[in-house]
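# Secondary and tertiary structure notes
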Amino acid sequence: MAVSFAKRTCETCGGTLKFDGQKNVFVCQYCGNTYERTESYDGAYSVRNAAIQALNSMTSLGGTLDGWSLVQDNLNECMKIDPSYIGSTIAQLAASVQRAMILAPNGREAVRADLDKAQTCFAKLPQPFDTETCLEEAEFYSKIDSSDVRTLLTNVFSAFHDNARVDFINNGIDVGDIHSTEAAMTMINRAFSAQDWDLLDKALQSPAAIDTGALFKRLLEQYPDNDHKAGNIAGIITRGVDEQTVSEDLSRYLSQTSDSARTRYAVCSSCMARGIVPDGAGLCALFQALTDESDTQSEAGESIIALLGELPEGRLSDADTASIVGFILAKTSGKDIPRALGALKESGYFIDLRAEDILAVLIDDSRSVDDRIALWNTACGMGLEPRRRQIILSDYLGTRPSAADLADSQEQQQDSRPAKIRILEAIAKNLPDGVNPLVVENYLMKQPCPDGERKPDIINVLLSFTTVGETLRRKAIDYQNSTPDTPQTTTRVLEALASHGVIQTIGGALGQTGVEAMRSAGVSASPSALDEYLRSTLGTLNGQAFDQVTAQNLVVAQSRVSAPMVVAYLLSAPDSMMKAQFASRLLKACPADLSAPITINLPGGQFTAPMLQCYLVANQDSEQTAAGIVEALKQYTAKLNVDVEYMGNSMKFRKFVRSGFVNLPASTSGECMHIGLFS
């Protein structure tokens, strides 16, 4: 037996009917008669169909009123059949709310009529909603199969904060069967708002067209850190996205998110597999997270290498590639560097190894020497330019190494040399044209030297791979004349220069250091060594105190001494037993005309005379020493009473002495008297 929804009373006793949901029948509360749930006898089927059809047409509006005529036709049909039917009222309510939402951007006046109508329709509905008392309305909702319509109605009742109706209608929604964009986005927004991630996972399976770009970004930023995140992102990409926009979103996510490295890795890998590639900064941020959160450096390296192997070709800019290479060199382990660079290269990217990045690894004493050498060999094997290799060598020489890199190595028994020496040798071996002599020259004169007492060892390595030229030889002379190093270091540097044939002789500017170097290096003094020594000790340079023994050690058969330095020796060298004898050697080594006048400074002014006369009036020696020197000087002067000049006035030497312009030294006053200068 069927029952009319309009009556809902027992046909036998007129008693009240109650719906039994489990059996899907109405039961009389008095006599127990049962009635099937049907509307075929009271004409409700056609009006319900019209109302549902009106609601269906609303789900296809797409946010505009372009299809409103169809909605209005269906609404008119409802009103024509039965304007009092609950479904007709609900359809009118939904239509008014929809129109108001579409017209809302035009201002409040544009939606006033629709809002008023919506309020009127909602007021007609029984309050509160309950399935026991609102059977006809509940029946209407139960006949709605479309999840799009149900979602539409939940939006409508949510606007009125009618949670009872929202909850009842919502129970019949199959999220995966939503087809309209509005319904799908409603469900997605609801899931985000409630942080109902199970609902969101289901909503994302909807076939409805959605704004994939906005949703991609929202998933990255708001979806929780779990195993579903990467899969949801992949599903959005599959639906179609603007690659440029979502790539930027992905880059920002990798750089800024607090998600775990595992989740970031999964998201990035999933995106790259579908052609979405983050920029270099994003990838480096991910690599850093993997490095920070992995149990071992090796584990992090494997993940980084795997990601680099997944990179689609041609998606990274040169700057992006450079930043990735920089990270690999700076942050990955030594054994992983070649593999990581190789993976990047295999993915189709040109590896431009920057000098500063390679240098940073070479000076990183937290890495083993073998790892650093392996990096250098890898870089050269990947085509590092010869010119850039020279730049790296020069920069490496200029860095101040740690104490560990200068100490004897404990890493390998077979090579205990300092790290810097071993690395430097490895660098030099991979220079096609050897070490540029200019690099050696600059290092030789570098002040202060960053390597301290290890400088000679480094010079030895450099010279082993250098073609010695004339400019380098000249620079070695400059080094001798103005060494920036300690005497001990200087001696060993000169040893190295001599052993490699850079210097054949040693000058005299180094003084005792030079003499020591001569002995250890097995070279002789240069012909100018003695003159240089006198200039630096007795001349204008005065770099060190004069030492008679050192001077004698600098004498060679070809020694040449300038006249000013002979005078400087005679007048300034300290008195000693050897002075007169050594003076004779100097006079023989002087190629100048010793009888020619020279000028010296006396207390009263300048005095110009031959060397003998200058010595007679200005020496500070003992009488014995002076006698020997005067005897040696006499052979270069034809007569003693020569013309001299004092303070611009010319006169004979006798007159000058007798005039009392100067006080003759005691050492030579007797000699002057002997030659009759006072008679």
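Residues numbered from 1 in each chain as written. Predicted model: local features only at pLDDT ≥ 70, side-chain atom pairs only at ≥ 80, totals over all residues. Heavy atoms only, no water.

## Things to note about the packing of aromatic side chains
All chains considered together, the criterion is met by 18 aromatic pairs. Ring centres 6.4 Å apart and planes at 80° place the aromatic pair Tyr-141 and Phe-157 in the edge-to-face group. One end of the pair, Tyr-141, is in helix H5 (residues 135–142); the other, Phe-157, is in helix H6 (residues 147–159), and 16 residues separate them in sequence. Grouping residues by exposure puts Tyr-141 and Phe-157 together as buried. Ring geometry for Phe-192 and Trp-197: centres 5.9 Å apart, planes at 80°, overall edge-to-face. (Phe/Tyr/Trp six-rings, centres within 6.5 Å; stacked < 30°, edge-to-face > 60°. Helix = DSSP H or I, 4+ residues; strand = E, 2+ residues; numbered from the N terminus. Buried < 20%, exposed > 50% of the residue type's maximum accessible area, 1.4 Å probe, protein only.)

## Considerations on the side chain of Thr-550
The topology assignment puts Thr-550 in helix H29 (residues 548–553). Classification of Thr-550 as buried rests on a relative accessible area of 2%. Excluding anything up to four places from it in sequence, Thr-550 contacts Gly-511, Gln-512, Val-515 and Tyr-533. (Contact = heavy atoms within 4.5 Å.)

## Things to note about the pairing of strand S7 (residues 605–609)
Bridging between strand S6 (residues 598–602) and S7 involves five bridges; their strand directions are antiparallel. For Asn-601, the partnering residue across the bridge sits in S7 and is Gln-606. What sits between the antiparallel neighbours S6 and S7 is a turn of two residues. (Pairing = 2+ DSSP bridges.)

## Remarks on the pairing of strand S8 (residues 643–646)
Burial along S8 is one-sided: the residues Val-644 and Tyr-646 are buried and none of Asp-643 and Glu-645 is. As judged from the two bridges shared by S7 and S8, these two strands associate in the antiparallel manner. In the sheet register, Phe-607 faces S8, and the bridge partner there is Tyr-646. Where S8 meets strand S9 (residues 649–652), four bridges bridge the pair, whose relative direction is antiparallel. Looking across to S9, one finds that Asp-643 is bridged to Lys-652. Here S8 hands over to S9 after two residues, with Met-647 in that stretch at a positive phi of 55°.

## Regarding the packing of helix H32 (residues 611–618) against helix H33 (residues 623–634)
The interhelical angle for the contact between H32 and H33, taken along N-to-C directions, is 165°, at an axis separation of 9 Å. With respect to H33, the element H32 is oriented roughly antiparallel. In this structure, H32 meets H33 at a crossing whose hand is left-handed. Contact with H32, carried on its side by Met-611, Leu-612, Tyr-615 and Leu-616, involves Thr-625, Ala-626, Ile-629, Val-630, Leu-633 and Lys-634 of H33 and no other residues of that element. (Axes fitted to C-alpha atoms, helices over the stretch in contact; angles between N-to-C directions. Parallel < 35°, antiparallel > 145°, perpendicular 65-115°, else oblique. Left-handed = near helix turned anticlockwise from the far one by under 90°.)

## What to know about the packing of helix H12 (residues 243–256) against helix H14 (residues 280–293)
Where H12 meets H14, the axes come as close as 8 Å, and the angle between the chain directions of the two elements is 35°. For the crossing formed where H12 meets H14, the hand is left-handed. Contacts between H12 and H14 involve Ser-251, Leu-254 and Ser-255 on the former and, on the latter, Ala-281, Gly-282, Ala-285 and Leu-286.

## A word on the nonpolar core
With 169 residues, the main nonpolar core has Leu-308, Ile-358, Leu-497, Tyr-569, Phe-607 and Phe-656 as its most contacted residues. If you tally residues by element for this core, the top one is helix H30 (residues 563–572), at eight residues. Within the second largest apolar cluster, 39 residues are counted, among which are Ala-51, Met-58, Cys-78 and Ile-144. (Core = buried A, V, L, I, M, F, W, Y, C linked by side-chain atoms within 4.5 Å.)

## Re helix H31 (residues 579–589)
Three or more residues of H31 are buried, namely Lys-579, Ala-580, Phe-582, Ala-583, Leu-586, Leu-587 and Ala-589. Along its buried surface, H31 packs onto helix H28 (529–537), H29, H30, H32 and H33.

## Overview of the sheet that holds S8
Strand order in the open sheet made by the four strands is S6-S7-S8-S9, with antiparallel pairing throughout. Lying at the two open borders of the sheet, with one neighbouring strand each, are S6 and S9. Across this sheet, the average inter-strand angle for adjacent strands is 25°, counted without regard to direction.

## Side note on the pattern of salt bridges
Between side chains of opposite charge, pairing is possible as soon as their charged atoms come close. Under the defined criterion, the tally for this structure stands at 32 salt bridges. The shortest N-O distance in the salt bridge between Arg-315 and Glu-243 comes to 3.6 Å. Remark: Glu-243 occurs in helix H12 and Arg-315 occurs in the loop between helix H15 (297–310) and helix H16 (318–331); sequence separation between them is 72 residues. What makes Arg-315 partly exposed here is its relative accessible area of 40%. Notably, a salt bridge pairs Lys-652 with Asp-643, separated by 2.9 Å at the nearest N-O pair. Lys-652 sits in the partly exposed class, given a relative accessible area of 34%. When its relative accessible area of 56% is taken as the criterion, Asp-643 is described as exposed. Through salt bridges with shared partners, a single ionic network connects Glu-302, Lys-335, Asp-336 and Arg-339. (Salt bridge = Lys/Arg side-chain N within 4 Å of Asp/Glu carboxyl O.)

Purely geometric stuff here, so don't read any function into it on its own.
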